[in-house]
Every structure is written in C-alpha cells, then in structure tokens.
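Results of the structural survey
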Number of protein chains: 2
Amino acid sequence: MDIAVTAKLVRGWVEEAGQLLRESLSNTSIVVEEKSHPSDLVTEMDRFIEAFYVEKIRKEFPTHQIIGEEGSYGEVDNMDGYVWIIDPIDGTLNYVKQKRNFCSMIALYKDGVGIFSFINDVINEDIYYAIKGKGAYCNDKQLENVTTYPLGKGLVALNTKMVMLKPTLSKKIIQEALGVRLIGSAGLEMVQVITNRVSAYVTTPLNFWDVAPGIMIASELGLKCSRTDNSPIKMLEKNPIVIANENTHQDIINIMKKTSNIDV
Amino acid sequence: MDIAVTAKLVRGWVEEAGQLLRESLSNTSIVVEEKSHPSDLVTEMDRFIEAFYVEKIRKEFPTHQIIGEEGSYGEVDNMDGYVWIIDPIDGTLNYVKQKRNFCSMIALYKDGVGIFSFINDVINEDIYYAIKGKGAYCNDKQLENVTTYPLGKGLVALNTKMVMLKPTLSKKIIQEALGVRLIGSAGLEMVQVITNRVSAYVTTPLNFWDVAPGIMIASELGLKCSRTDNSPIKMLEKNPIVIANENTHQDIINIMKKTSNIDV
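Predicted model, so just to flag it, every value in this text is computed and none were measured.

Rules used in this analysis
Residues numbered from 1 in each chain as written. Chains lettered and ligands numbered in written order. Predicted model: local features only at pLDDT ≥ 70, side-chain atom pairs only at ≥ 80, totals over all residues. Heavy atoms only, no water. Contact = heavy atoms within 4.5 Å. Buried area = accessible area lost by both parts, 1.4 Å probe. Salt bridge = Lys/Arg side-chain N within 4 Å of Asp/Glu carboxyl O. Polar contact = N/O pair within 3.5 Å; in protein donor to acceptor, adjacent residues only side chain to side chain. Helix = DSSP H or I, 4+ residues; strand = E, 2+ residues; numbered from the N terminus. Buried < 20%, exposed > 50% of the residue type's maximum accessible area, 1.4 Å probe, protein only. Pairing = 2+ DSSP bridges. Axes fitted to C-alpha atoms, helices over the stretch in contact; angles between N-to-C directions. Least-squares fit on C-alpha atoms with pLDDT ≥ 70 in both. Patch = residues over 30% accessible without salt bridge, like charges linked within 9 Å, V, L, I, M, F, W, Y side chains within 5 Å. Areas by Shrake-Rupley, 256 points an atom, 1.4 Å probe, with all protein chains shown as cover. Lys, Arg positive; Asp, Glu negative; His and termini not counted. Charge placed at Lys NZ, Arg CZ, Asp CG, Glu CD. UniProt positions renumbered as here; feature names shortened; annotations may be inferred. Domains from an automatic or database assignment. Parallel < 35°, antiparallel > 145°, perpendicular 65-115°, else oblique. Left-handed = near helix turned anticlockwise from the far one by under 90°. Nonpolar A, V, L, I, M, F, W, Y, C, P; charged D, E, K, R; others polar.

Comments concerning the interface of chain B and chain A
Contact with chain B, which involves 30 residues of that partner, is made by 30 residues of chain A. The largest share of the area that chain B buries against chain A comes from Met164, Leu178 and Arg181 of chain B, three residues that together contribute 22% of it. At the boundary of chain B with chain A, the tally comes to 0 salt bridges. Joining chain B to chain A, the criterion identifies 13 residue pairs in polar contact (both at pLDDT 80 or more). For the side of chain B that touches chain A, the secondary structure elements donating two or more residues are helix 3 (92–97), strand 7 (126–131), helix 4 (160–165), helix 5 (167–176) and strand 11 (179–181) of chain B.

Below you can see the structure in the form of structure tokens.
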C-alpha cells in the first residue's frame, strides 16, 4: 500500500462525510435512540456515516479488518495486519443537543501501529490528521510539536465521568492546573491537546475507537499517551488515559500515584 | 435616547472591537500579567479594548456611568440612570492559552434594568444581542425563546471554581443532568444557555460584569436568572448564579436547598 496515496483517498472520504454531517443538522427529524443510558445516544447519522466509511473500505481494501463504534462488522479480536478504526460521530450527545462540538474520526493501524489518522472538527471545517513519520496537520498547515511544561502552566481537559466518579482526584489535578475545560468529545479534547490549547486530557476508561485516532496524531507530535497508571495503552480494550506533554504527563502520573486509593 | 439608534451605534463598536481582538491573536508579543492568581490574567488587549469602549461612551454619552472589568473609571456605587457594563475580554485565560473560546461584552442598563446587551463570540464572528422588549438575536437572526424541560433532559455548564469548591453539589447536579460542559468564559457559557445548547449555567460568585450582559439577553428570552439561593441577582455585587430554563432552574434550586450544608 502506498500510504500517501491512501491517506489522500481517505481525506476525500473524510471531507465528504463532514459535508454529509453538516447537511444533516438542518434535518429536524434525525432519529435518536438511547443505548446504555440517556446520555449514551446513537442517531441514524452515526450508523449512516459508519456505513459510508465501511462501504468505501470494503471496496478498496476487502481484506482489512474494521472496528467501528456502531459496528456490526464482525468481532475484531486482534490488531494483526491493517485495521481501520472508525468513530463516525464522537460526541453524539453534543451533535444532538448542541449541533456543534462533535467530530468524526477514522484511523488506519498496521500490526498495532498507527499509519494515519483523521479527526474532522466538522462544524469548524478543520481536519486534523497525521501520517506516520510525516508530521501532523490541520488542513494543510503543519502543526508544531507541543513544547513540554509543568501542569501548573496549562489548562486540563477531563471527561464527565472523571468529574463524577473521581471527584477528589479531579480536584487535585485541577487545583494544580490553571483550570479545567470540558467539551464532551474525546476526539476534540485530544485536538485541544494536540494544538496545545489544553496541556492534558485525563479520563475514566474510554472505548478504543474514542482514543485510537487521537493517540496516533498525538504520538506523531511527541506527546505522551498512557493509561492513568502510566502503563501502555492496551489495544482493543477500554483505557483510562492521560495524554499530555511530557512534563505535565509526569505531574499527573505523580498525582495519580499519590491518590490511587481515593475515589475507589 | 433612541434605544434602537444607540444599539445600532454600539453594534458597530462591538464589530470593530471584535476585529481588533481577532487581529491581536497574530501578535506574538501581547503582554500578559497575573492579577490575583496565576489563572487570573489581564493582557494589554483587555485594557486596550476597555479603553476603546470607554472613549466612545465618554464622547457620545458624557454623563453616563461606566463599569469596566479593568476599570479605573471611578467607583460606581449605584445603578441610577444609564450605566454601561463592559467586559472587554471574558475568558482571558482562554484568549492567552487557546486563542479562542473568549468573548467581548458590553451592556447598557438604566436604573438597574437592562436596555440592550452584546456578547461577541469573537472567533466564530457571532454577535449575540438583545434589546429590551425587541427580542434576542445572533447576528441578524432572531433567537427562539428557550423551551422549558427538566434537568435530566439537558447538559449543564459549570465554572471551574464550582467543580473545585463545590464538588459534592456539582456531582449532584451533573448526575441528574446528561453531562457537564465547561468552556471557561461566563459570557460564552451563557450563550450556550441562551441558544439551548446547555440547559443551565451554575456558578460560584462571579463579578457583576461577568453576568450582567448575559442576564439581560437571557431575561429577554424568558430564561430564569437568580442567585443560587433563588434570590434575585444583586446589582454591582458578586453573584453565584443559576441561569436556566424554568423547569431546570427549579430542579437545580431544589438540589441546592437539599445540599446547602455540603461543600461548606
């Protein structure tokens, strides 16, 4: 596979999916269903965009494995060979309630290593992407490597469940930082870290498709990504993550170590 | 004073200030100072934009009182007659660290009642405003009155200090809602409520200039604004606020009453 050629092809898919998502916002009759919980939603557009990507992949790369958030595409239990990871709408609750602050993500991994990855900030029409060894970009502008600085010099992003389930730990992190920000889309929170608008994103366990695209881009920029106990991200599993510049990452891991018995 | 004519004049100032703020983001040498705390910042642009507004007001309306966040324009100790309220950059920390997610606000009150108010979402180039009795708008599009629905049907916005200083109360509110969102700009959080992207904004005590512009617009749309003990907003004072649709407001006040001794 020629990676550059494939990435260019996929960028076209991403642009088309983004356009479909923007157009869908003027449709007042989008069907919304609850999954596990009233805040865990799926819409017909989640399924439609995933099917859009799956059809393209199946046609071009019939032997590749596919993992999709809404996926009925067979159980993927390994990262052998080429594996596509799709989150058609990340932040579906925002898509439904805010009509903004959501993204659409697709990444390609090979034997567990990220090859390229796209996060489309749909409403702002900003496509963030990285190709392994070729740097990370927003649209056609190369992103700078994020500098390293301590937790106290930046803002941090958390997920709702972190604030809810780990209030003491959250407080300890926030009080050492300049403040907390919370968008409600793992992909967009990671975009904030990648662009250095927040210094870190710290979470309770997130699904693999929520984090795999962002981790690929973050790694390309020299950011540190690990589980909250500082162990490596586990492929295909749920991961509680810390993604941050190196210095801030270390500061957060130190807080985690000191407070590991809090909020249990 | 012809309110419509004055509002049109002020809209011109708001557009000009917005343009100056957007241009300032490409200036890499903006001087930043800490005020009370490392997260409480003021930049030369806060002072410049406030002075820009003050000069315009002084020239057109020399007898009016002015309250500005960075103000050295005399101590205003009453809301008699016409009082201008200016927050040149609301979310200065975001302006510095993110170059987005901040707004610029100006409102005119007469004898304690809001006459008109502007919140400029500078980066998105969206100007939200209301004129008393004439409705609320985003740019030239009239905003719909927000419908009323229970806390459990929407997202809520909090401020950083709420999460930090009232973790138990925050948790009780968040767990009844669909989730929490946190931008870090009181003006933009109130825009989220005004546009029904979140159902409520709940805070620790905020300065009067942080909330007066948003409250004027929210009131015009039938939203409920009070202190967290359900008493009226106190003019010129710091206010811990709940701004929400009526049903959600009541749900939050009920939680507040039940948990008033928590987090003290």
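Having seen the structure, we can now continue with the description.
Some words on helix 6 (residues 186–194) of chain A
All names here are of chain A. Counting buried positions along helix 6 yields 9 of 9 residues, so the element is predominantly enclosed. Among all positions of helix 6, only Ala186, Gly187, Leu188, Glu189, Met190, Val191, Gln192, Val193 and Ile194 are buried. One or two positions beyond helix 6, positive phi appears at Asn196, with a value near 65°.

Considering the sheet that holds strand 6 (residues 113–121) of chain A
In a beta sheet, neighbouring strands pair by backbone hydrogen bonds and run either parallel or antiparallel. Residues and elements named next belong to chain A. Read from one edge to the other, the open sheet built from 7 strands follows the order 3-4-5-6-7-8-9, with strand pairing classed as mixed. Two strands close off the open sheet at either side, each with one partner strand: strand 3 (65–68) and strand 9 (141–142). Of the pairings in the sheet, the one linking strand 6 to strand 7 (residues 126–131) comprises 6 bridges and is antiparallel in character. Note on strand 7: the bridge partner recorded for Asp121 is Asp126. Of the strands in this sheet, strand 3, strand 4 (82–90) and strand 5 (103–110) are in contact with helix 2 (residues 44–60), which crosses strand 4 at around 155°. Sheet strands touched by helix 7 (residues 208–220): strand 3, strand 4, strand 5, strand 6, strand 7 and strand 8 (135–138). Its angle to strand 6, the strand with the most contacts, is close to 105°.

Digging into the relation of the copies chain B and chain A
The operation relating chain B to chain A is a screw motion whose rotation component is 180°, with 0.0 Å of axial translation and a residual RMSD of 0.0 Å. Viewed as a symmetry operation, the transformation between the two copies matches a two-fold axis. Minimal C-alpha distance to the rotation axis in chain B is attained by Leu182 of chain B, lying at 2.3 Å. Both copies share a contact surface, since 100% of the interface residues of chain B are interface residues in chain A too.

What about a negative patch on the surface?
All names here are of chain A. A cluster of like negative charges, contributed by Glu75, Asp77, Asp80 and Asp111, occupies part of the molecular surface. You can see Asp80 is positioned in the loop between strand 3 and strand 4. Of the residues examined, Asp80 reaches a relative accessible area of 54% and is grouped as exposed.

Overview of the sheet that holds strand 7 of chain B
All names here are of chain B. Pairing within the open sheet is mixed, and its 7 strands lie in the order 3-4-5-6-7-8-9. What marks the edges here is a single partner per strand, and that holds for strand 3 (65–68) and strand 9 (141–142). Sheet topology places strand 8 (residues 135–138) next to strand 9; 2 bridges connect them, and they run antiparallel. The partner of Cys138 across the bridge, within strand 9, is Lys141. In the packing of helix 7 (residues 208–220) onto the sheet, contacts are made with strand 3, strand 4 (82–90), strand 5 (103–110), strand 6 (113–121), strand 7 and strand 8, and the angle to strand 6 comes to roughly 105°.

A look at the UniProt feature "binding site: Mg(2+) 1" (unreviewed entry) in chain A
Residue and element names in this part refer to chain A. Per the UniProt record, "binding site: Mg(2+) 1" (unreviewed entry) is annotated on Glu69, Asp87, Ile89 and Asp210. A maximum C-alpha distance of 9.9 Å among these annotated residues, which run over 142 residues, shows that they cluster at one spot. Note that Glu69 resides in the loop between strand 3 and strand 4. Excluding its chain neighbours within four sequence positions, the residues that come into contact with Glu69 are Lys35, Glu50, Ile86, Asp87, Pro88, Ile89 and Trp209. Polar side-chain contacts of Glu69 include one of 3.4 Å to the side chain of Lys35. Mapped onto the secondary structure, Asp210 falls in helix 7. In contact with Asp210, other than residues within four places in its own chain, are Asp87, Asp90, Met105, Ala186, Gly187 and Met190.

Quick notes on the domain arrangement of chain A
All names here are of chain A. The domain architecture assigned to chain A consists of domain 1 (3–142) and domain 2 (151–258). For domain 1 versus domain 2, the distance between C-alpha centres works out to 21 Å. Buried area between domain 1 and domain 2, summed over both chains or domains, comes out near 2100 Å², and the portion from carbon and sulfur atoms is 73%. Considering only the side of domain 1, the residues that lose the most area to domain 2 are Tyr109, Ile119 and Tyr128, jointly responsible for 23% of the buried surface there. The interface formed by domain 1 and domain 2 holds 0 salt bridges in total.

Some remarks on the packing of helix 6 (residues 186–194) of chain B against helix 7 of chain B
Geometry of a packed helix pair, given as the angle between the helix axes and the separation of the axes. Residue and element names in this part refer to chain B. Relative to each other, helix 6 and helix 7 sit at 15°, their axes nearing to 9 Å. As the angle between them shows, helix 6 and helix 7 are arranged roughly parallel. By crossing handedness, the relation of helix 6 to helix 7 is classed as right-handed. The segment helix 6 lies against helix 7, with Ala186, Gly187, Met190 and Ile194 engaging Asp210, Val211, Gly214, Ile215, Ile217 and Ala218. For the contact of helix 6 with helix 7, the class distribution of residues is 7 nonpolar, 2 polar and 1 charged.

Considering the pattern of salt bridges
All names here are of chain B. Using the criterion set out here, one finds 12 salt bridges over all chains in the structure. Note that Glu15 and Arg11 form a salt bridge whose closest N and O atoms lie 3.2 Å from each other. In this pair, Glu15 and Arg11 both sit in helix 1 (residues 3–24), 4 residues apart, roughly one turn of the helix. Its relative accessible area of 40% is what places Glu15 among the partly exposed residues. Residue classification places Arg11 among the buried positions, given a relative accessible area of 18%.

Quick look at the environment of Met164 of chain B
Looking at the element boundaries, Met164 of chain B is found in helix 4. On the accessibility criterion, Met164 of chain B (11% relative accessible area) is buried. For Met164 of chain B and Asp40 of chain B, which are 124 residues apart along the polypeptide, the C-alpha to C-alpha distance reads 16 Å. Beyond its immediate stretch of four places on either side in the chain, Met164 of chain B contacts Lys171, Ile174 and Gln175 of chain A.

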